[in-house]
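Now for the letters of each chain:
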Amino acid sequence: MEKPRKSLYKDLALLSLVLGILFFATNGVRPLANPDEGRYAEIPREMLESGNWVSPRLNGVLYFDKPPLFYWLQAVAMKIGGLNERAARFWPAAFALAGCGGIYLAGRELFGRRVGLSAAAILSTSLMFFVNSQLVIIDMAVSVFISFALLSFLVAMGETAGSRRKNLFLAFYVFLALAVLTKGLIGLVIPGGIIFLWVLVMNRWKHLFPCHAGIGVPLFLLVALPWHILVWKEHPEFAWYYFVHEHFLRFLTNGHGREQPFWFFFVFLSVGLVPWIGFLPGALKRVYSLGWKKRAHQQESFFFLIWIAFVVLFFSASSSKLLPYILPAFPPLALFLAKYIDSVASDSKPGNLVIGMHITGLLTLVIGAALPTAIYVLERDLSPLAVRLIYVSSIWLGIGGISTIVLFARYTSRTVILVPFATWYCFLLLMNPLSAEVNVKSSRAVASKLQTMGVGATQVYTLAAYHQDLPFYLRSQIFVVGDWPRDMDFGLKIEDHSDRFLGEEEFVKRWVGENQIFAVARNKHLNRISRTFPGLEGYLIHRGNSYFLISNLPSRQGLSKKLPISVLIAPHRSE
């Protein structure tokens, strides 16, 4: 037992180092993106400011769209690391690292060390998984909790009655509760649906027991219920909005404006699995070739397939579709592909593995060749550094793609997977610096301008949209004029915020008053603002590639001549 345990610790240390660099090294260089990153950074900032950890608020408005576990973790990270991008993105990266570690442990337990390491390599460098590890959103956390719950269950089902099985089932209940406390009922519905279908298909009803529900269910309730009870007592309106509006109506209706065709997730599952998508057809073919009657001999593969299919079909049936919703499908995909690669690598004629590796190499080569087109598509937004990063990425992917094809033509060892892993590992490290150069959805620059001028919180208004990262960068709540996200309507109905969420008429009264105020807006909204406020004049303070800042009174930092907004921002009318 000593050698396996020693290799376990070595593997975990190696994965922590290598994947820790991947997930953390560059995640602080890019400004927060609107709307999601701004929202999920601002809510925990306001928790820290107010000291109220029960009722989440966004720009001072009650916000019950999601449970608070992710906000709590974010607030702790910001308390320790400060109000900055690196602290805000700590937990998505940490959950991604933990997810890869969990996949390694499950793969090692079920199929052996090589499969565990390969699964971690595949998951960490899958495009969608990595991208979501760099974003301040809830989906990475709930994906990891759901994955840990399901993998705990799967491993427990292979154990005989005893303390190990009991501990695995108790972990299953705790992870379910944490998933619910992160993103609501889907933390229970998705694992429950997957387990039910798998037990049904495999006819493993008898093997469910003992599942230690007598201890596990109270443990689940002890973790998941207290916050729901506390917030319901404080705000009785919470129950209808949270359970009915945010769960059932979000799923059944298009009230959130996120409607997509049914095939939406099928396409982006393939895109998100780049560069490893080339192995999926062969893996599916191998399961199919063994036949339905022999499914008892590939129970884990069927578990992964049911897991993947349930997640994709469940959200495909929903009227509300966002790409991160299918993130829970990627851990089982990584295990499914790693198991397949390991098994066919030992075949005397690993033809399917050759096909998969060649597709991976060609796909990498094509993406590398296509990257320079971004220079022409995004020409007006690209800095010299961005151009250099694009060319470096293109050359690197080209070298990696060719190496994957050439080396595999000579060596069919399982270790050849290291070539595409290393290629995409280095490319993904460049994504944040490149994104920082082309980011046009952050208000960080205009917020920095306001802070430099010493502008107070009571002076900043947003026009045509609520820029969700602006309060985070200003370290204060702001005024919003005329247009704000629908998901704030509930909080605005149960509390009066008419002093900060204004109609156009009230804003005009303040604009022509004696007190100096500042308005922030996107350049692309200029025409709409000009139509809404046809006679509005001001002084231009700042104009960037994406945002402009104006004031109703002259300032040392701005133009001295008062002009209509449409004239002040005329050079950017086309945006």
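Before reading further, recall that the structure is shown in the block above.
About the criteria used
- Positions within a chain are numbered from 1, following the residues in the order the chain's sequence is written.
- Reporting of local features is limited, given that this is a predicted model, to residues whose pLDDT is at least 70; pairs of side-chain atoms are given and counted only at 80 or more, and all residues count toward the totals for whole chains, interfaces and linings.
- The side-chain figures draw on all heavy atoms in the structure; neither hydrogens nor water molecules are used.
- Helix and strand assignments follow DSSP, with helices taken as H or I runs no shorter than four residues and strands as E runs no shorter than two, numbered in order from the N terminus.
- Helix span is expected to be 1.5 Å times the residue number reduced by one.
- We call a residue buried when its accessible area falls under 20% of the maximum for its residue type, exposed when it is over 50%, and partly exposed in between, using a 1.4 Å probe and counting protein chains only.
- Take a side-chain nitrogen of Lys or Arg and a carboxyl oxygen of Asp or Glu: if they are within 4 Å of each other, that pair is a salt bridge.
- Strand pairing is defined by DSSP finding a minimum of two bridges between the two strands.
- What makes two residues a contact is simply this: any of their non-hydrogen atoms within 4.5 Å.
- Where helices are involved, their axes are fitted lines through C-alpha atoms of the stretch in contact, as for all axes, and angles between N-to-C directions lie from 0 to 180°.
- Working definition: roughly parallel below 35 degrees, roughly antiparallel above 145 degrees, roughly perpendicular at 65 to 115 degrees, and oblique for all remaining angles.
- The handedness criterion is simple: a crossing whose near helix is rotated anticlockwise from the far helix by less than a right angle is left-handed, and one whose near helix is rotated clockwise is right-handed.
- A 3.5 Å cut-off defines polar contacts: any pair of N or O atoms within that distance qualifies, except that in protein one atom must be a possible hydrogen donor and the other a possible acceptor, and neighbouring residues in sequence count only when both atoms are side-chain atoms.

A. Main features of helix α20 (residues 418-429). Relative to the 16 Å expected for twelve residues at 1.5 Å per residue, α20 spans 16 Å between its end C-alpha atoms, a close match to the ideal helical length. Of all the twelve residues making up α20, nine are buried; the element is thus mostly covered by neighbouring parts of the structure. Of the positions making up α20, those classed as buried are Val419, Pro420, Phe421, Thr423, Trp424, Tyr425, Phe427, Leu428 and Leu429.

B. Fine view of the pattern of salt bridges. If you walk through the whole model with that rule in mind, you get 15 salt bridges. One network of salt bridges, with partners in common, ties together Asp11, Arg108 and Arg113.

C. Main features of the sheet that holds strand β6 (residues 518-522). Strand order in the open sheet formed by seven strands is β5-β4-β3-β6-β8-β7-β9, and the pairing between neighbours is mixed. Each of the sheet's edge strands pairs with one partner strand only, and the pair in question is β5 (501-502) and β9 (563-564). Two elements, β6 and strand β8 (residues 547-551), share five bridges in a ladder whose sense is antiparallel. Each bridged residue has a counterpart across the sheet, and for Phe518 the counterpart in β8 is Ser551. Strands β3 (460-463), β6, β7 (537-543) and β8 of the sheet are contacted by helix α22 (residues 444-452), whose axis makes an angle of about 30° with β8.

D. Summary view of helix α16 (residues 330-345). Under the 1.5 Å per step criterion, the end-to-end length of α16 is 22 Å for 16 residues, consistent within 8% with the ideal 22 Å. The buried fraction of α16 amounts to 14 of the 16 residues, a majority that puts the element mostly inside the structure.

E. Spatial organisation of the packing of helix α5 (residues 90-111) against helix α8 (residues 139-157). Direction vectors running N to C along α5 and α8 enclose 15°, while the axes themselves pass 9 Å from each other. As far as their axial angle goes, α8 and α5 are roughly parallel. Seen along the crossing, α5 lies across α8 with a hand that is left-handed. Residue-level contacts link Pro92, Phe95, Ala96, Ala98, Gly99, Gly102, Ile103, Ala106, Glu109 and Leu110 of α5 to Met140, Ala141, Val144, Phe145, Phe148, Leu151, Leu154 and Val155 of α8.

F. How the structure looks around the side chain of His497. Take His497: it is sitting in the loop between α24 (489-494) and β5. Classification of His497 as buried rests on a relative accessible area of 11%. There is a polar contact of 3.2 Å between the side chain of His497 and the side chain of Glu495.

G. Representation of the pairing of β6. The buried fraction of β6 is high, at five of five residues. On β6, burial covers both faces: Phe518, Val520 and Arg522 on one face and Ala519 and Ala521 on the other are all buried. Both β3 and β6 contribute to a ladder of three bridges, which runs parallel. Residue Val460 lies in a different strand from β6, and its bridge partner there is Phe518.

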